[in-house]
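# Architecture and fold: a report
Read off the chains here:
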Amino acid sequence: MNKIDHVFHFTKTIDIVKSIFDTGFKPSYCMEKLGELDMLVAMVPFSNILLNDYGKDQVIFYGNYAIGFSRDWAINNDINPVAYTYENGILYNSINELILSTVMFKSLPEFKHHYKAFHEKGIDISQCSKLNPQIGTKSFPKEVVPIIRYICENYNEELVDLIYEFSKKIFDTNWSILALTKPYRVLTKDNIERIAYNDREWRKLYADLDVLLESDANFNEWVGKNKPHFNEPQYLLKFDITDVKCVLVNNKEEVTDLIDYLNCKFDNKVIDSLVVSKELIIGTKDTLIENGF
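Since this is a predicted model, take the numbers as computed values, not measurements.

### Considering the overall build of the chain
- Secondary structure summary: the chain contains eleven helices and 15 strands in total.
- Across its three principal directions, the C-alpha atoms of the chain cover 80 × 35 × 30 Å.
- A burial count over the chain gives 45% of its 293 residues as buried.
- Here the contacts in the chain between residues at least 6 apart in sequence split such that 79% fall between residues at least 24 apart.
- On the chain, roughly 15900 Å² of surface is accessible, and the fraction owed to carbon and sulfur atoms is 49%.
- Of the side-chain charges in the chain, 33 are positive and 43 negative, and the distance between the mean point of each set is 1 Å.

Next comes the structure, spelled out in structure tokens:
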């Protein structure tokens, strides 16, 4: 039985593969749905699978190209496996409670002038639809509503700021749990069910790139933006050519093309040595499967 001790980053073109060798991986926001809210998570994703399970007619497919690394490389670069959950499961409910308990307090800076106006005019919070404890089908925990009502009735800016800082600390402390949790079953843009668990996904995350909930003011700014989203040097996930274990290409002609490209970018003696020793295998799906991938 083959050990799955490698991770793949899949992509759609040979040009993207070459650009990754040029600059490293660039993170982007990916849409996720967790609990009852949509959210954006900045990441570089990988899959811990065998290529026997990859393809248009197999369990997952993201394109005909991939770069593969050892699982140890992933761990050494703080790339973490995803925890999968399901609706009404223990993890699902805990995450949902965390999101709904903190989302209102995360928005305190945005809405506190409303709270102040409600206080000054004696208006009850329930009269404002934006601040109603019902957002569509998303209900805030019952404990949140009286806190917001108390803030309105007894408005004190210092208190509001203290509550915000405390709730933000809770959210920031738990952001990695949000960012590393995924439903095992998801729907595609075409409303087709897909078993995300088959990905055995691992993610490179960035602590200073916020997890954005759909209630956040800047959420829609990122939806639909061309990827990659982050090109700054501090966000590049770089690697050495000796870290790469394999490269998946679509046909045999591209094997020669990519080797020529790497020879121009790196010392050709290094590339030749890696290829001859099979420390680096560049090939089609069948070739990589024959070599244990």
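The structure having been displayed, the exposition proceeds.
### Description of unusual backbone geometry
- That bond from Lys 227 to Pro 228 is cis: its omega, 5°, falls within 30 degrees of zero.
- Tracing the backbone shows Pro 228 in the loop between helix H8 (219-222) and strand S14 (244-248).
- At Asp 78, a position not held by glycine, the phi torsion is positive, near 60°.
- At Arg 200, a position not held by glycine, the phi torsion is positive, near 45°.
- Within the secondary structure, Arg 200 is located in the loop between strand S11 (193-195) and strand S12 (201-205).
- By relative accessible area, which is 39% here, Arg 200 ends up partly exposed.

### Thoughts on the packing of aromatic side chains
- Under the criterion given, the structure shown has 17 aromatic pairs.
- Centre to centre, the rings of Tyr 206 and Tyr 235 are 5.8 Å apart; their planes meet at 85°, and the pair counts as edge-to-face. Highlighted residues: Tyr 206 in the loop between S12 and strand S13 (212-213) and Tyr 235 in the loop between H8 and S14, separated in sequence by 29 residues.
- Judged by its relative accessible area of 9%, Tyr 235 falls in the buried class.
- Ring-pair connections join several aromatic residues into one group, and the members of that group are Phe 21, Phe 25, Phe 46, Phe 69, Trp 73 and Phe 239.
- Of note, Lys 204 hangs over the ring of Tyr 206, and the distance from its end group to the ring centre comes to 5.8 Å.

### Here's the deal with the pattern of salt bridges
- Within this structure, the stated rule accounts for eleven salt bridges.
- Lys 112 is the salt-bridge partner of Glu 157, the closest N and O atoms lying 3.1 Å from each other. Of the two residues, Glu 157 is situated in helix H6 (residues 157-173) and Lys 112 in helix H4 (residues 108-121); the sequence distance between them amounts to 45 residues.
- Accessibility expressed as a relative area gives 18% for Lys 112, which makes it buried.
- Through salt bridges with shared partners, a single network forms among Glu 32, Lys 182, Glu 201 and Arg 203.

### So, the nonpolar core
- Judged by nonpolar contacts, the single largest core of 39 residues is most densely connected at Phe 21, Phe 46, Phe 69, Val 247 and Ile 282.
- Sorting the residues of this core by element identifies helix H1 (14-23), strand S3 (37-47), strand S4 (65-70), helix H2 (71-76), H8, S14, helix H9 (252-265) and helix H10 (268-276) as the ones contributing at least two each.
- Non-local contacts of Phe 21, meaning those with residues more than four positions away in its chain, are made with Ile 67, Phe 239, Ile 241, Val 244, Val 247, Leu 262, Lys 265 and Phe 266.

### Describing the pairing of S4
- The element S4 is largely enclosed, with a buried count of six among its six residues.
- Residues Tyr 65, Ile 67 and Phe 69 line one face of S4 and the alternating positions Ala 66, Gly 68 and Ser 70 line the opposite face, and both faces are buried.
- Bridge count between strand S1 (residues 6-11) and S4: six bridges; the pairing is antiparallel. Bridge pairing links Thr 11 to Tyr 65 in S4.
- Bridge count for S4 against S14 is four bridges, and the pairing is antiparallel. Residue pairing in the sheet places Gly 68 in a bridge with Cys 246 of S14.

### Here we look at H4
- Counted at 1.5 Å a residue, the expected span for H4 with its 14 residues is 20 Å, and the 19 Å between its end C-alpha atoms agrees.
- What H4 keeps buried is the set Leu 108, Phe 111, Lys 112, Tyr 115 and Phe 118.

### Let's talk about the environment of Thr 287
- Here Thr 287 is to be found in helix H11 (residues 285-290).
- Linking Thr 287 and Val 270, residues 17 residues apart in sequence, is a C-alpha distance of 21 Å.

### Topic: the environment of His 6
- Along the chain, His 6 turns up in strand S1.
- Separated by 44 residues in the primary sequence, His 6 and Leu 50 place their C-alpha atoms 8.6 Å from one another.
- Within the structure, His 6 has its side chain in polar contact with the backbone oxygen of Ile 49 (distance 2.9 Å).

Parameters at a glance
- Residues numbered from 1 in each chain as written.
- Predicted model: local features only at pLDDT ≥ 70, side-chain atom pairs only at ≥ 80, totals over all residues.
- Heavy atoms only, no water.
- Helix = DSSP H or I, 4+ residues; strand = E, 2+ residues; numbered from the N terminus.
- Buried < 20%, exposed > 50% of the residue type's maximum accessible area, 1.4 Å probe, protein only.
- Contact = heavy atoms within 4.5 Å.
- Areas by Shrake-Rupley, 256 points an atom, 1.4 Å probe, with all protein chains shown as cover.
- Lys, Arg positive; Asp, Glu negative; His and termini not counted.
- Charge placed at Lys NZ, Arg CZ, Asp CG, Glu CD.
- Phe/Tyr/Trp six-rings, centres within 6.5 Å; stacked < 30°, edge-to-face > 60°.
- Lys NZ or Arg CZ within 6 Å of the ring centre and 35° of its normal.
- Salt bridge = Lys/Arg side-chain N within 4 Å of Asp/Glu carboxyl O.
- Core = buried A, V, L, I, M, F, W, Y, C linked by side-chain atoms within 4.5 Å.
- Pairing = 2+ DSSP bridges.
- Expected span 1.5 Å × (residues − 1).
- Polar contact = N/O pair within 3.5 Å; in protein donor to acceptor, adjacent residues only side chain to side chain.

So yeah, pure geometry; function would need other evidence.
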